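# Topology and contacts: notes
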Amino acid sequence: MSLNDLDWWRKECHDPFFFCTVILSTAWGDKFHDFGPLQRDMLDFLNPKLTPGNKKCMSVDRHSYKTTVLLGFYLWLFVWHLVKKEPLQMAYNTATGPNAENFSQDFRHALE
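These numbers come from a predicted model, not from an experiment.

## Details of the packing of helix α2 (residues 16-27) against helix α3 (residues 37-46)
Where α2 contacts α3, the two axes come as close as 9 Å, and the packing angle between them is 130°. Relative to α3, the element α2 lies oblique. Of α3, the residues touching α2 (which contributes Pro16, Phe17 and Cys20) are Gln39, Arg40 and Leu43. Its residues placed into classes, the contact of α2 with α3 shows 4 nonpolar, 1 polar and 1 charged.

## Quick word on α3
Those residues of α3 not exposed but buried are Gln39, Met42, Leu43 and Leu46. End-on view of α3: buried residues confined to an arc of 95°, all on one side of the axis. In α3, the exposed residues that point more than 90 degrees away from the buried face are Pro37 and Asp41.

## Section: the confidence of the model for the chain
Per-residue pLDDT for the chain averages 86, and the proportion of residues at 70 or more is 98%. When mean pLDDT is compared element by element in the chain, α3 scores highest at 95, while helix α5 (residues 97-111) scores lowest at 79.

## A look at the state of the cysteines
Put plainly, a disulfide is one covalent bond tying together the sulfur atoms of two cysteines. Enumeration according to the criterion identifies 0 disulfides in this entry. The thiol of Cys20 is not disulfide-bonded; the next cysteine sulfur, from Cys13, is found 10 Å away. Judged by its relative accessible area of 0%, Cys20 is buried.

## A look at the pattern of salt bridges
Following the criterion strictly, the structure yields 5 salt bridges and no others. Among the ionic pairs, Lys11 bridges to Glu12, the shortest N-O distance being 3.6 Å. Of the residues examined, Glu12 reaches a relative accessible area of 22% and is grouped as partly exposed. Residues Asp15 and Arg40 are paired through a salt bridge, measuring 3.6 Å at the closest nitrogen-oxygen approach. Taken together, the residues span a long stretch of sequence, with Asp15 in the loop between α1 (6-12) and α2 and Arg40 in helix α3 at a distance of 25 residues. By relative accessible area, Asp15 is classed as partly exposed at 24%. With relative accessibility at 30%, the residue Arg40 sits in the partly exposed group.

## Here we look at the nonpolar core
Most often, soluble globular proteins have nonpolar side chains that are buried together. In terms of nonpolar packing, the biggest core is built from 23 residues, with Phe32, Phe35, Leu43, Phe73 and Leu75 touching the most fellow members. When contributions to this core are tallied by element, the ones reaching two or more residues are α2, α3, α4 (66-84) and α5. In terms of residue count, α4 provides more of this core than any other element does, 9 residues in total. Setting aside residues no more than four positions away along its own chain, Phe32 makes contact with Cys20, Leu24, Ser25, Thr68, Leu71, Gly72 and Leu75.

The rules we used
- Residues numbered from 1 in each chain as written.
- Predicted model: local features only at pLDDT ≥ 70, side-chain atom pairs only at ≥ 80, totals over all residues.
- Heavy atoms only, no water.
- Axes fitted to C-alpha atoms, helices over the stretch in contact; angles between N-to-C directions.
- Helix = DSSP H or I, 4+ residues; strand = E, 2+ residues; numbered from the N terminus.
- Parallel < 35°, antiparallel > 145°, perpendicular 65-115°, else oblique.
- Contact = heavy atoms within 4.5 Å.
- Nonpolar A, V, L, I, M, F, W, Y, C, P; charged D, E, K, R; others polar.
- Buried < 20%, exposed > 50% of the residue type's maximum accessible area, 1.4 Å probe, protein only.
- Arc of directions from axis to C-beta.
- pLDDT = per-residue confidence, 0-100.
- Disulfide = S-S within 2.5 Å.
- Salt bridge = Lys/Arg side-chain N within 4 Å of Asp/Glu carboxyl O.
- Core = buried A, V, L, I, M, F, W, Y, C linked by side-chain atoms within 4.5 Å.

Dropping the structure here:
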């Protein structure tokens, strides 16, 4: 394996946990850090290849990085849909309007 081996990177990036812990944590170390087994379980649950379904509800304890996990998952999904040149529709629901606005701003900031 070489850092210049694009095929290796593409293969590894099919895993949203790898994408969040390696790719996103390199770009945004202040946000994507300290991911462990719980965050892997959340990403596996959200991954449509591992857990089929169009609608999912995830309820997890406070301070479990669930918003960061969702942000990472949405970025992973967005990137792969760009690679495949497929359309993507996403919906995010939260308890409050300010939380939804913060999430949208984080998503837009990550794409800039």
